[in-house]
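Summary of structural features
Listed here are the chains, written in short residue letters.
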2 protein chains.
Amino acid sequence: MKARVHIMLKAGVLDPQGEAIRHALGTLGFEGVAGVRQGKVIEIEIAATDEDAAKAEVARMCEALLANTVIESYTVEIL
Amino acid sequence: MKARVHIMLKAGVLDPQGEAIRHALGTLGFEGVAGVRQGKVIEIEIAATDEDAAKAEVARMCEALLANTVIESYTVEIL
């Protein structure tokens, strides 16, 4: 079973990578870009067969390792 | 309008970050993790009002700046 995790900085946390992209897009002539946020996506192939169990397992991985929950939020989806 | 871009390394391209995560999950006691791939997710707030036009514009951003299309593939979705 494949799970996809999105990890984004929480609203209000400064995102210098996103700001750098926004600025670079402006320099390249792309107009109308109001804001850019960059995050991580992690795809995990796990052995679990039950969807709810897989989701719970991946959420535990996020809490333990993948996300810094002080400044980042995560969402888990099963593909 | 908000667009979300996923940028992942193409299949066959070595992903040391993903491997590091897989190894760390094993060390933490998570079993049954067969594979991990890490990529980037970029959320872009753009002024376009037409969905198809927005998608095309963001695809151009990917080609010009966001993705290294030699080793990375991208997908664009409008939220």
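We now turn to the structure provided with this report. From a predicted model like this one, the values you see are computed outputs, not experimental measurements.

Observations concerning helix α2 (residues 51-66) of chain A
Relative to the 22 Å expected for 16 residues at 1.5 Å per residue, α2 of chain A spans just 20 Å between its end C-alpha atoms, considerably shorter than the ideal helical length. Residues of α2 of chain A that are buried: Ala54, Glu57, Val58, Met61, Cys62 and Leu66 of chain A. Considered in projection along α2 of chain A, the buried side chains sweep an arc of 150° and stay on one side of the axis. Tucked inside the fold, the buried residues of α2 of chain A contact β1 (2-9), β2 (33-46) and β3 (72-78) of chain A together with α1 (16-27) and β2 (33-46) of chain B.

Section: the interface of chain B and chain A
Contacts between chain B and chain A engage 31 residues on the former and 31 residues on the latter. Of the roughly 2,500 Å² buried where chain B meets chain A, counting both sides, 70% is carbon and sulfur surface. Counting across the chain B and chain A interface gives zero salt bridges. Among the elements that make up the side of chain B that touches chain A, the one with the highest residue count is β2 of chain B (14 residues). For β2 of chain A and β2 of chain B, the ladder comprises 13 bridges, and the chain directions are antiparallel. Bridging across to β2 of chain B, Glu43 of chain A finds its partner in Arg37 of chain B.

Some remarks on the sheet that holds β2 of chain A
Read across the sheet, six strands follow the order β3(A)-β1(A)-β2(A)-β2(B)-β1(B)-β3(B) without closing on themselves; strand pairing throughout is antiparallel. Across the chains shown, the open sheet's two edge strands, defined by having one partner strand only, are β3 of chain A together with β3 (72-78) of chain B. The sheet shows a mean angle of 25° between the axes of neighbouring strands, taken without regard to direction. Relative to β2 of chain B, strand β1 (residues 2-9) of chain B is paired through six bridges, and the arrangement is antiparallel. Paired with Ile7 of chain B across the strands is Lys40 of chain B, a residue of β2 of chain B. Running at roughly 125° to β2 of chain B, α1 of chain B makes contact with β2 of chain A together with β2 of chain B of the sheet.

Here we look at the relation of the copies chain B and chain A
When chain B is fitted onto chain A, the two copies agree to an RMSD of 0.0 Å after a turn of 180° and an axial shift of 0.0 Å. The transformation relating the two chain copies, once decomposed into turn and shift, fits a two-fold axis. By C-alpha distance to the rotation axis, the residue of chain B lying nearest is Lys40 of chain B, at 2.3 Å. Interface residue correspondence from chain B to chain A reaches 100%, placing this contact among same-surface, isologous pairings.

Rules used in this analysis
- Residues numbered from 1 in each chain as written.
- Chains lettered and ligands numbered in written order.
- Predicted model: local features only at pLDDT ≥ 70, side-chain atom pairs only at ≥ 80, totals over all residues.
- Heavy atoms only, no water.
- Helix = DSSP H or I, 4+ residues; strand = E, 2+ residues; numbered from the N terminus.
- Expected span 1.5 Å × (residues − 1).
- Buried < 20%, exposed > 50% of the residue type's maximum accessible area, 1.4 Å probe, protein only.
- Arc of directions from axis to C-beta.
- Contact = heavy atoms within 4.5 Å.
- Buried area = accessible area lost by both parts, 1.4 Å probe.
- Salt bridge = Lys/Arg side-chain N within 4 Å of Asp/Glu carboxyl O.
- Pairing = 2+ DSSP bridges.
- Axes fitted to C-alpha atoms, helices over the stretch in contact; angles between N-to-C directions.
- Least-squares fit on C-alpha atoms with pLDDT ≥ 70 in both.

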